[in-house]
Amino acid sequence: FVHDINVTDIVPGTNGSNKVICPNAAGDHPPQNRSMMFSSGNSTGFQLFEEWWSKSQTVPFYLIAVLLPLLNLKSPSFFAKFNVLGTVSVIYLVLLVTVKAAHLGIHLEFNWFTENEFFVPEFRVLFPQLTGVLTLAFFIHNCVITLLQNNKNQENNVRDLSIAYFLVGLTYLYVGVIIFASFPSPPLSKECIEQNFLDNFPSNDIMSFIARIFLLFQMITVYPLLGYLARVQLLRQVFGNAYPSVFHVLALNIAIVGAGVAMARFYPNIGGIIRYSGATCGLAFVFVYPSLIYVISLRRAGQLTWPALIIHVFIILLGLANLIAQFLL
């Protein structure tokens, strides 16, 4: 945006002032950071630009300088207060979605008895991709326990957590439904909706550009918080101390950042990362551990019955099937 370089004109999209594009129509590897025909008309400048600013080649390494120092901070209260800035990003994203929907209108057609080129089925065999994502959403909530331990008024935990869950669920539901409903289909297909919906807007879109900046700040606030939670859960389990030494913490954080940079470099597919990791971690923390602990507690109390055992074994098998389905579909 700053360099007036826009490669989005070479992919299919709508016309008009509220342009929406379909990057994945160019194939599995959309034309990002390639020396092709682009709107700036300055091939030399673009080649130099793509050499130093590439979405998956160079930018992840630049972010190390920003994120690694933040991960090494010791105070959990700082992470929690710093994370409040992410709320501003969420508010802006909701505002962006509302404004875009108002301009684009609602594009939903319900043709029950006639064939339609842009038909989206209510059920597809690929639905385990969604269950993998949902499993991560549920799994990540185990981190809430670590956060609530630092609350001053512990008696308010249930109330605060209930409000938080309601607001988070409402936000996801609102953004997801509005983006799907307002996406211009026709002329584009709903299949064009990107995993990061901001990629469906051209780089010279002012509101989307600001949203990307806000999203960067949101990730900068959430990432250290998740790193702190990982540090507490892992190091406390292994060493009995959440901060055994600066060298232990630095080594862990380098491993965390290294894994993130490697994924951004070689597999920049956020949807795949979410569902694979969610199904894997969720198998243990969502399906297996709660069921086993509950069954063991019933058995020790002499209250275990066959129906209860069958139900919880079935829950474990559901989690296993969810994991296997991620690699088959």
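With an unreviewed UniProt entry as reference, the protein chain is termed Neutral amino acid transporter 9, source organism Bambusicola thoracicus.

*Asks:* What exactly am I supposed to notice about helix α7 (residues 157-182) here?
*Replies:* For the α-helix, the turn length of 3.6 residues means that residues three or four positions removed from each other point alike. Between its first and last C-alpha, α7 extends 37 Å over 26 residues, near the 38 Å set by a 1.5 Å rise per residue. When we look at burial in α7, the residues that qualify are Asn 157, Val 175, Ile 178, Ile 179, Ala 181 and Ser 182. Summarising the contacts, the buried residues of α7 are in contact with α4 (85-104) and α6 (142-148).

*Asks:* Just checking my understanding: could you explain the UniProt feature "transmembrane region" (unreviewed entry) in the protein chain for this structure?
*Replies:* Summarizing the sequence annotation, UniProt attributes the feature "transmembrane region" (unreviewed entry) to residues 83-106, 126-148, 160-181, 209-230, 242-267, 273-296 and 308-328 in the numbering used throughout. With 100% helix and 0% strand, residues 160-181 has its two end C-alpha atoms placed 31 Å apart. Counted over residues 273-296, helix gives 100% and strand 0%. Its end C-alpha atoms are 33 Å apart.

*Asks:* Can you help me understand the side chain of Thr 14 in this one?
*Replies:* Within the secondary structure layout, Thr 14 lies in the segment before α1 (43-52). Setting aside chain neighbours within four positions, we find Thr 14 in contact with Lys 19, Val 20, Pro 184, Pro 187 and Leu 188.

*Asks:* What exactly am I supposed to notice about helix α8 (residues 206-239) here?
*Replies:* Taking 1.5 Å per residue as the helical rise, α8 with its 34 residues ought to reach 50 Å, and the 49 Å between its terminal C-alpha atoms agrees with that figure. Of the residues that open α8, the one with a side-chain oxygen 3.2 Å from the backbone nitrogen of Met 207 is Asp 205.

*Asks:* What is the right way to look at the layout of surface pockets in this model?
*Replies:* Leftover empty space is mapped by rolling, across the atoms, a probe with the size of a water molecule. The volume enclosed by the second largest pocket comes to roughly 350 Å³. If you trace the second largest pocket, you find 16 residues lining it, with Glu 109, Phe 110, Phe 118, Phe 119 and Val 120 closest to the centre.

*Asks:* Quick question: what am I supposed to make of the packing of aromatic side chains here?
*Replies:* Each aromatic ring pair is specified by the distance between its two centres and by the angle formed by the two planes. For the structure shown, the criterion picks out six aromatic pairs. On the basis of an interplanar angle of 35° and a centroid distance of 5.5 Å, the ring pair of Phe 123 and Phe 127 is categorised as tilted. Ring pairs connect the aromatic residues Phe 139, Phe 285 and Tyr 289, which therefore count as one cluster. The ring of Phe 201 has Lys 100 sitting right over it, with the charged end atom 4.9 Å from the ring centre. When the ring centre of Phe 180 is taken as origin, the NZ or CZ atom of Lys 190, which lies over that ring, is 4.9 Å away.

Thresholds applied
- Residues numbered from 1 in each chain as written.
- Predicted model: local features only at pLDDT ≥ 70, side-chain atom pairs only at ≥ 80, totals over all residues.
- Heavy atoms only, no water.
- Helix = DSSP H or I, 4+ residues; strand = E, 2+ residues; numbered from the N terminus.
- Expected span 1.5 Å × (residues − 1).
- Buried < 20%, exposed > 50% of the residue type's maximum accessible area, 1.4 Å probe, protein only.
- Contact = heavy atoms within 4.5 Å.
- UniProt positions renumbered as here; feature names shortened; annotations may be inferred.
- Polar contact = N/O pair within 3.5 Å; in protein donor to acceptor, adjacent residues only side chain to side chain.
- 1 Å grid on protein atoms, 1.4 Å probe; cavity = no way out; pocket = protein on both sides within 12 Å on 5 of 7 lines; lining within 4 Å.
- Points joined across faces, edges and corners; volume = space filled by probe spheres on them.
- Phe/Tyr/Trp six-rings, centres within 6.5 Å; stacked < 30°, edge-to-face > 60°.
- Lys NZ or Arg CZ within 6 Å of the ring centre and 35° of its normal.

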